[in-house]
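Per-entry structural report
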Amino acid sequence: MTFIMPDFSRVFCMSKYCTRYSYVLFLIIPVVLILFWLIRRNFIKFMSKAEQIQFDNDRKRLRIIMLITRSLIFVFVIMSIASPFILESRLITGNPRLTILTDESNSFDLFEDSIGEGLYEKIKGKIPVDLRSIGSEEESAIGNGILNNLEGGENMLVISDGNNNKGKLLGDIILFSSSINSTISTLNLKPKANDVGVIVEGPYEVIKDTEGSFMVRINNVGEELSYVLEILLDNEIVYSKEVRGSVNVPFTKFFSEGVFHRITAKIVDIKGNDYFNQNNIYYKTIKIVNRPSVLFVTKKSSPLENEFNKLYDVTTTSTIPPELTNYMTVVLNDVPANEILPRIDLLEDYVADIGNGLVVIGGQNSYDRGGYKEANLIESLLPIRVGSGEESEKSDVQVIVVVDVSGSTTEVYGSGGRIEVRDYDQVIKALAADVLNSLDDKLNAGVVVVGTPKSPFVGVVSNIITLKDNKKGLIDKIARLQGGGQSAIEAGIKQATNMLMGVSGGRNIILISDGRGLFRDPMLNAEDAVRQASARAIKTYVVGVGTKEKQETEFLSNMAAIGQGVYFPANSQNRLRILFGEPDEEDEEFFNQLAVLDTVHFITRDIELDVVISGYNYVIPKPAARLLVTTNKNIPILAVWRFGLGRVVSIATDDGGRWAGEILTKQNSKLITRSVNWAIGNLGRKKEFDVTIRDTTLGESTYVDVISKDLPKQEGLFFAKTDVNYYRAEFEPEATGFYTFLGADVAVNYKEEYSDLGIDEKFINLINSTGGTVFEKDDLDGIIDFVIEKSRRIKIESTNYTWPFVLIALVIFLIEIFIRRLWENKIIR
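Source: prediction; values computed, not measured. (Residues numbered from 1 in each chain as written. Predicted model: local features only at pLDDT ≥ 70, side-chain atom pairs only at ≥ 80, totals over all residues. Heavy atoms only, no water.)

Focus: the overall build of the chain
Within the chain one finds 19 helices and 42 strands. Counting over 829 residues, the chain shows a buried share of 48%. The long-range fraction of contacts in the chain, counting pairs at least 24 apart against all pairs at least 6 apart in sequence, stands at 72%. When the accessible surface of the chain is totalled, it reaches about 41,700 Å², and 50% of it is carbon and sulfur. (Helix = DSSP H or I, 4+ residues; strand = E, 2+ residues; numbered from the N terminus. Buried < 20%, exposed > 50% of the residue type's maximum accessible area, 1.4 Å probe, protein only. Contact = heavy atoms within 4.5 Å. Areas by Shrake-Rupley, 256 points an atom, 1.4 Å probe, with all protein chains shown as cover.)

Spelled out as C-alpha cells, the structure:
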C-alpha cells in the first residue's frame, strides 16, 4: 500500500525571497506573547513579599535579556520551519536542434521542389538537423505528420502549403506543440506553377416551385489566368463567360419540375499553363422535393397564411380535423384549450408515435389566456409550462463558473497591416470577469479553474457564495490565475458538479473555453461528464473564447446541447445576462426586443433578429426543452423539444397580427418558417419510396439511404435494414462524374487534395500565434539564430536557506548560556 502525503505548502514571495509554508510565520506573535508571560511569572514560593520583590529586582535585567534572546531563538526557528528560499533565474543554453518536415503530397507540387533537401545540406554543418517527410501523393495528413515527429522542447520547420485534408486537425496539433515547448515554423513560399480549380456550393434539396441559390467558386493559384467558365444545368449551358483570376459567381434557378437535377461547372479555354486538370470540372446534384403538407389551424385571418403558401402545401381550417396522417406538421395559431382538448389524444399520437411536428403559436386566446394551465394534457405535450417566475430579494440559483486557462498563451490580432501578440490567458480571464459582471448580484456563484500549471490542472478559486459584495473579490482572484497548463475540462466539470450536489435550487455550470488542445478521447470524456451532470439536473452553458476559427465550435456546442444549456459564441455576454443577469432599468421600451440565445440550433443559426413585440404569453421552459429566443428581459418566447419521435415548437407571441408585426419582415420571418421546417424534419418520411444520396469525392464513400417496404436491389450495392422501412448501402466510387441508383443521382468529384490549393492563411496565422516564425527560404542565418534562441531556456531554481536561520538560533542560544553563566558567577561571588 502506498501512502501519499498531502501538500500543505503555501508559498509567499516578496521579490525573489519566498517561504514555502508562509502560514507558519503567524506563530511568531503568539509565541513571543507566551514567552513574555512565562518569563514574568515566578514559579518559586517565597517566605515573604519582601523576599519576592528582592528576587524580582535582582533578576529583572536577566529576564529582559532572556526575553530578547528566547524571542529571537523562536523567531529564527519558526522562520526555518517556514522553509525560506530564494528564487533565481538562470539562462540555459540547451541543445539547438532543428527538424525539417517536407510535404510530399501532390498539392505541394505547385511549389519549388527539393527546398527541404537544400536547407538540410546548408544547415547540417552548423546545428544538428533532421530531414523527414510528411504527407503522401493524394493525402495531405499534415497534422498527423507533425504529431508523429513531435517529442517536446524542439524546433520544427514545416515546409508545406498547410492544406490538411486527412487525420487530426492541424490547429489542434500546432496548439499542442506549443503546450510542450515546441515551436513550429514555416517558409514564405511562392508557387512555381499556376492552377485554377472550381467548386460549386449550394443546397442538396430544393422545394418544388421555389428558387435555389448556388455559388461557383474559382481558386486561382500563382499568376492570374484567363479562362472561360461554363455552368450547365441538365446539360444546358446557363452561364458562359471569360473571366480572370479567382472569382465567385452566384446564380439562382427556379425549379418547377423534375426529381433530380445536375449542375456541372467547367473551366475551359485556359490561357496559360494549368498544373492540375483534375479540378477543372465540378459536379453537383439537386434533389427536388414536393412541398411539405402543413395543416394550419386558425380561427382568424392570419398574415402567416400568405408566407406559408409560398413554401408549403397548406390546408387552412378553423378546427382540428379527426385525421392528421396526411400532414407533416400541424400549426396551431392562437387556438384556445377547449378547441384542443377534444383532439389531444390524436395530437399526442400524431407527434409521438408517427414522428410528425407540432407548432403552437400564441396570442390573446392561447397559453395563459387560453386555459392551457388548467388543461394539464396540453402542457404535457409542450416544451413549456404556463405561468411566470417570481422575483425575490434572495435567489436559489446556483452557478459555478469554470474558467479554462490552458493551452496557447498568445493570440495574434491584425489590423491595417499591424500584428499585435498578446497574452491569450489574459483574454480568457477578461472574458471570465465580464461573465461574472453579467450575473445578477442575487445569484450564488463559485469559480473553478482548469489548465493551471501543476497537475491535476484543476482547482477551486472560490466555493459557492452570494455575489452581492463578493463579485469584485472573485474577479480579483481570477485576474491572478496562472494558466498555460494542460486542458482538463472533464475534471473541471466534475469538480463543479460535486460542488453543486451539496446545494438546492437551480444548478448551473458556465464553462468558459475555446475547446482546443484536446484529442478525441478527452473530448468524449468531457461530454460524458456534462451528460452525468445533466442527469443530476445540472445545466451546462458554454461561452466560447476567440473567433469561430479559433474555437472548437462543434465540440463546445455539443457540450451545451448535452448539458441542456446554450452555447454562446465570443462577445455574447449580453445573451448570458438575459439568462442570469438583471436587466438595466434604462431603455424600458426595449425590454420586449427579441434576442437569440441559442445560435447553433437549426432554427436560429445565423439569424439576426430586429423585432420589438408589444405583447407575449407567460410561459416557462421545461428543464428538457431548448430555449432559443427570449426578450431582453428574459421572457421566454421560443422553445423546442423532442416529444417521442416528433418535434414540438412553442412560440409565446402572436402571428404578427397584433403583437409581433415586425416578425413578418423578410429577415425576421425566417424565425417562423425555420420553426416549421424544423418541426417537419425529414421531407421524405411520408413517402412509400424515396432515395437519398449525398455527393462525395474520390476516396470517400457515401451512403445510399432508401425508404421502401421491400428490400431494394441495385447492382453493385448491398443493402442492410436500419429501421422499419429504412435501408442503407455503402457506395465507394472509382471515377468522377454522375451516377444513378434506383432513380436517384449522385455526383462524384475530384479528391480533396486538389481543392483549395495554395498557401492556407489559417496555417500561417496559427504559426504566428504559437511562437513560430515564417522565414524567407534563403534566410539561413535567421533560421539558425531562431533555433539557437529558442533552445535557450530560463530555468527557475530555488535555493533553500533553512540552515542559516537554525544556525543563528543556535548561536543566540549559546550566547544566552554564556550570559547566564556570567550572571550566576557574579551572584556566587
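Considering the nonpolar core
Membership of the largest hydrophobic core comes to 62 residues, with the highest contact counts inside it found for Leu 332, Ile 340, Leu 358, Tyr 372, Leu 436 and Ile 512. What Ile 512 contacts, discounting residues up to four positions off in sequence, is Val 401, Val 402, Val 403, Asp 404, Ile 428, Leu 431, Ala 432, Val 435, Val 543 and Val 545. Ranked by size, the runner-up nonpolar core spans 49 residues in total, among them Leu 187, Val 206, Phe 251 and Ile 288. (Core = buried A, V, L, I, M, F, W, Y, C linked by side-chain atoms within 4.5 Å.)

Notes on the packing of helix 13 (residues 520–535) against helix 14 (residues 553–562)
Running from N to C, helix 13 and helix 14 point in directions that differ by 20°, and their axes come no closer than 8 Å. Looking at the two axes, helix 13 sits roughly parallel to helix 14. Regarding helix 13 and helix 14, the two cross each other, and that crossing is right-handed. From helix 13, Met 523, Ala 526, Glu 527, Val 530, Arg 531 and Ser 534 reach across to helix 14, where they touch Phe 555, Asn 558, Met 559 and Ile 562. Of the residues in the contact of helix 13 with helix 14, the class split is six nonpolar, two polar and two charged. (Axes fitted to C-alpha atoms, helices over the stretch in contact; angles between N-to-C directions. Parallel < 35°, antiparallel > 145°, perpendicular 65-115°, else oblique. Left-handed = near helix turned anticlockwise from the far one by under 90°. Nonpolar A, V, L, I, M, F, W, Y, C, P; charged D, E, K, R; others polar.)

Concerning empty space enclosed by the protein
This model, assessed by the stated rule, comprises two cavities of 30 Å³ or more. Its volume calculated, the second largest cavity comes out at about 40 Å³. Considering the residues around the second largest cavity, the lining is formed by Leu 332, Ile 340, Ile 344, Leu 347, Leu 358, Val 360, Ile 378, Leu 381 and Leu 382. Looking at the lining of the second largest cavity, the elements with two or more residues in it are helix 8 (344–353), strand 19 (357–361) and helix 9 (376–381). Looking at the lining of the second largest cavity, its residues break down into nine nonpolar, no polar and no charged. (1 Å grid on protein atoms, 1.4 Å probe; cavity = no way out; pocket = protein on both sides within 12 Å on 5 of 7 lines; lining within 4 Å. Points joined across faces, edges and corners; volume = space filled by probe spheres on them.)

A look at the packing of helix 12 (residues 489–501) against helix 13
Running from amino to carboxyl end, helix 12 crosses helix 13 at an angle of 15°, the nearest separation of the two axes being 8 Å. When the axis of helix 12 is compared with that of helix 13, the two are roughly parallel. Crossing handedness for the pair helix 12 and helix 13: left-handed. On helix 13, the residues touching Ile 489, Glu 490, Ile 493, Lys 494 and Thr 497 of helix 12 are Asn 525, Ala 526, Ala 529, Val 530 and Ala 533. Its residues placed into classes, the contact of helix 12 with helix 13 shows six nonpolar, two polar and two charged.

Comments concerning the pairing of strand 36 (residues 702–707)
Note: strand 34 (residues 690–693) against strand 36, four bridges, orientation antiparallel. Its bridge partner lying in strand 36, Thr 692 is registered against Asp 705. Both strand 36 and strand 38 (residues 726–731) contribute to a ladder of six bridges, which runs antiparallel. Bridged to Ile 707 within strand 38 is Tyr 726. (Pairing = 2+ DSSP bridges.)

A look at unusual backbone geometry
In this structure, Asp 269 is a non-glycine residue whose phi angle is positive, near 50°. Secondary-structure assignment places Asp 269 in strand 14 (residues 260–271). A residue is classified by how much of its surface remains accessible, and Asp 269, at 54% relative accessible area, is exposed.

Thoughts on the sheet that holds strand 39 (residues 737–741)
An order of 35-40-39 is seen for the three strands of this open sheet, with the pairing classed as mixed. Where the open sheet ends on each side, the last strands, each with one partner, are strand 35 (696–697) and strand 39.

Notes on helix 11 (residues 471–479)
Taken together, the buried positions of helix 11 are occupied by Lys 471, Leu 474, Ile 475 and Ile 478. Taken end-on, helix 11 shows its buried residues confined to a sector of 100°, consistent with a single buried face. (Arc of directions from axis to C-beta.)

Quick notes on the side chain of Thr 702
Structurally, the position occupied by Thr 702 is in strand 36. A relative accessible area of 7% places Thr 702 in the buried class. Side-chain polar atoms of Thr 702 contact the backbone oxygen of Arg 694, separated by 2.9 Å. Excluding residues within four positions of it along the chain, Thr 702 makes contact with Ile 693, Arg 694, Thr 696, Ala 729, Glu 730 and Phe 731. (Polar contact = N/O pair within 3.5 Å; in protein donor to acceptor, adjacent residues only side chain to side chain.)

Describing the confidence of the model for the chain
When the pLDDT values of the chain are averaged, the result is 80; 87% of them are 70 or greater. Segment residues 1–7 is flagged for pLDDT under 50; beyond a separation of four residues in sequence, or across chains, it makes zero contacts in the model. Low pLDDT (under 50) marks residues 408–423, which in the prediction has 35 contacts with non-local residues, meaning those over four places away or in another chain. (pLDDT = per-residue confidence, 0-100.)

Focus on a nonpolar patch on the surface
Residues Trp 803, Leu 807, Leu 810, Val 811, Phe 813, Leu 814, Ile 815 and Ile 817 make up a contiguous nonpolar surface patch of roughly 750 Å² in combined accessible area. Among the secondary structure elements, Leu 814 is positioned in helix 19 (residues 802–828). Look at Leu 814 and you get partly exposed, because its relative accessible area is 49%. (Patch = residues over 30% accessible without salt bridge, like charges linked within 9 Å, V, L, I, M, F, W, Y side chains within 5 Å. Salt bridge = Lys/Arg side-chain N within 4 Å of Asp/Glu carboxyl O.)

Things to note about the environment of Phe 111
By the element assignment, Phe 111 lies in the loop between strand 4 (98–105) and helix 3 (115–123). The class of Phe 111 is buried, set by a relative accessible area of 1%. When the C-alpha positions of Phe 111 and Lys 192 are compared, they lie 5.1 Å apart, and in sequence the two are 81 residues distant. Apart from the residues within four sequence positions on either side, Phe 111 is in contact with Asp 161, Leu 189, Lys 190, Pro 191, Lys 192, Gly 758 and Ile 759.

Quick look at the environment of Ile 603
Following the sequence through the fold, Ile 603 ends up in the loop between strand 29 (594–596) and strand 30 (619–621). In the structure, Ile 603 is positioned 26 residues away from Val 629 in sequence and 10.0 Å away in space, judged by C-alpha atoms.

Describing the pattern of salt bridges
Opposite charge on two side chains permits them to pair, given that their charged atoms come into close proximity. Following the criterion strictly, the structure yields 18 salt bridges and no others. In this structure, the salt-bridge partner of Arg 70 is Glu 816, at a minimum N-O distance of 2.7 Å. Within this pair, whereas Arg 70 is found in helix 2 (residues 49–81), its partner Glu 816 is found in helix 19, the two being separated by 746 residues in sequence. Its relative accessible area of 23% is what places Arg 70 among the partly exposed residues.

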